[in-house]
Amino acid sequence: MNELLSPKQVARAIDVSESSVKRWCDAGTIPMRRTAGGHRRIHVSDVLEFLRDRKQELVRPEVLGLPAGIRRARANLEQAREIVRHALIEGDETSCRRAVFDLYLAECRLSMIFDEVLAEAFREIGDLWSCGDVEVYQERRGCEICIRLLHEIRMVLPGPPRKGPMAVGGTPEGDSYVLPTSMIELVLRENGWNAVSLGSSLPFPTLSAAARDHQPKLFWLSASHLPDEEKFLTEYQAFSATHGDDMAIAIGGNALNDGLRNAMTSAVFCEKLSDLENLAKEITTDNGHSPENGADD
Ligand code: B12
């Protein structure tokens, strides 16, 4: 992925003249930065934002390091879910990337892409795995493809605004699921938060240290597998007793059955990432903080 591009590269990618790109940069229509030598450079996230705002196609996505053939006009959630499920099972990485970037270029929110396309596709793959119609290696390979795709999306998103509200989170001890917590970081970044995923299988003492060190406005926990529910609940209660007054705690994940949800009193349970997006907006509004004034330096 080419993160910083020259006006010439951008012109080729969107099929306009180099002088048009330079004019848009100088007019501030496309944010740019200058090299030490004074040359204009444009971040890939600003090119995609420019195209999304103008509802314009990306003619040569490969110039930006994105899969060839991306078409915002083709964006369709149901079709994308079918394409992605099949591609993840068959290990067809390019078709998976293309279907997701079609939606992204068509201004689909990341929460929608993750909730309605990727998570749904994995739900179906899990069901196929549990009845032996999909091999374990196919499920794992699909996870690897999705992990790389999330990294790619991370590179096309504007950097986390340093002055944005802080959020950190991960999965508890014994839970080695990486996709939900990585997706949460990206959804919050898209909403102007300075969000950092701490990763998976984190014992509560270190989650507590992270809360102490980062003083976040929001802390998230994703639980897909809990080896010992009772131990988890006891440790969670101690964690929220220590930190619950200073930050909002968002929880979610397949392993959080009704009993656990009801017991985790001071947390906000989120079924989907769209729920988290609403919670994040509430917090920023309540704190009089808008993504704009956390804008990237
Ligand atoms: C991939 C996968 C794995 C992989 C994960 C690889 C990796 N590095 O991430 C690995 C190999 C770890 C794995 C292992 C196991 N798995 Co597994 N796994 C899956 C699978 C197919 C996809 C999970 C996933 O990542 N989905 C994508 C994410 C993005 O979707 P999601 O988890 O649903 O999260 C969404 C929402 O819940 C929400 N969300 C989730 N967390 C949070 C948190 C917050 C704060 C918010 C706001 C939102 C939110 O947002 C997400 C986007 O919408 C599921 C099938 C399924 N139904 O999901 C089975 C599944 C969860 N696994 C299952 C099982 C049984 C296991 C094993 C016990 C198998 C075994 N015997 O070893 C082990 C145990 C795991 C362990 N020790 O950690 C069962 C669980 C059954 C149950 N009821 O508990 C499932 C449902 C498969 C099935 N149909 O039977 N698994």
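Residues numbered from 1 in each chain as written. Predicted model: local features only at pLDDT ≥ 70, side-chain atom pairs only at ≥ 80, totals over all residues. Heavy atoms only, no water.

Draft legend 1. Seen up close, the site of the ligand. Lining the immediate surroundings of the ligand are 32 residues, of which Asp 115, Arg 123, Tyr 177, Val 178 and Ser 222 lie closest. Between the ligand and Asp 115 there is a distance of 2.6 Å, counted from an oxygen atom to a side-chain nitrogen or oxygen. One nitrogen or oxygen atom from the side chain of Ser 222 is found 2.8 Å from a nitrogen atom belonging to the ligand. Of all the secondary structure elements, the ones that give two or more residues to the shell around the ligand are helix 6 (110-130), helix 7 (136-156), helix 8 (179-190), strand 6 (218-222), strand 7 (248-252) and helix 12 (273-286). When residues of the shell around the ligand are assigned to their parent elements, the largest contribution, eight residues, is made by helix 6. Among the residues forming the shell around the ligand, the class breakdown is 17 nonpolar, nine polar and six charged. (Near = heavy atom within 4 Å. Polar contact = N/O pair within 3.5 Å; in protein donor to acceptor, adjacent residues only side chain to side chain. Helix = DSSP H or I, 4+ residues; strand = E, 2+ residues; numbered from the N terminus. Nonpolar A, V, L, I, M, F, W, Y, C, P; charged D, E, K, R; others polar.)

Draft legend 2. Fine view of the environment of Leu 150. By the secondary structure assignment, Leu 150 is in helix 7. Residue class for Leu 150 comes out buried when judged on its relative accessible area of 4%. Separated by 65 residues in sequence, Leu 150 and Arg 85 place their C-alpha atoms 16 Å apart. Look past the residues within four positions of Leu 150 in its chain and what remains in contact with it is Phe 114, Leu 179, Ser 182, Met 183 and Leu 186. (Buried < 20%, exposed > 50% of the residue type's maximum accessible area, 1.4 Å probe, protein only. Contact = heavy atoms within 4.5 Å.)

Draft legend 3. Inspection of the coordination of the cobalt atom of the ligand at higher detail. Protein coordination of the cobalt atom of the ligand rests on one atom only, Tyr 177 (OH), at 2.3 Å. Inspection of the secondary structure puts Tyr 177 in the loop between strand 4 (166-172) and helix 8. (Donors = N, O, S within 2.8 Å, 3.2 Å for Na, K, Ca; no water.)

Draft legend 4. Representation of the packing of helix 5 (residues 93-105) against helix 7 within the structure. Between helix 5 and helix 7, whose axes approach to 11 Å, the crossing angle comes to 35°. Here helix 5 and helix 7 pass one another in a crossing that is right-handed. Seen from helix 5, the contacting residues are Glu 93, Cys 96, Arg 97, Val 100, Phe 101 and Tyr 104; seen from helix 7, they are Ile 145, Arg 148, Leu 149, Glu 152, Ile 153 and Val 156. (Axes fitted to C-alpha atoms, helices over the stretch in contact; angles between N-to-C directions. Left-handed = near helix turned anticlockwise from the far one by under 90°.)

Draft legend 5. Quick peek at the pattern of salt bridges. Tallied over the entire structure, the rule returns 21 salt bridges. With a closest N to O distance of 3.6 Å, Glu 49 and Arg 52 form a salt bridge. Of the two residues, Glu 49 and Arg 52 both sit in helix 3 (residues 44-53), three residues apart, roughly one turn of that helix. By relative accessible area, Arg 52 is classed as buried at 8%. The shortest N-O distance in the salt bridge between Arg 109 and Glu 277 comes to 2.7 Å. Of this pair, Arg 109 sits in the loop between helix 5 and helix 6 while Glu 277 sits in helix 12, and the two are 168 residues apart along the sequence. What makes Arg 109 partly exposed here is its relative accessible area of 34%. Exposure remark for Glu 277: the relative accessible area of 5% places this residue in the buried category. The network of salt bridges with common partners includes Asp 26, Arg 34 and Arg 40. (Salt bridge = Lys/Arg side-chain N within 4 Å of Asp/Glu carboxyl O.)

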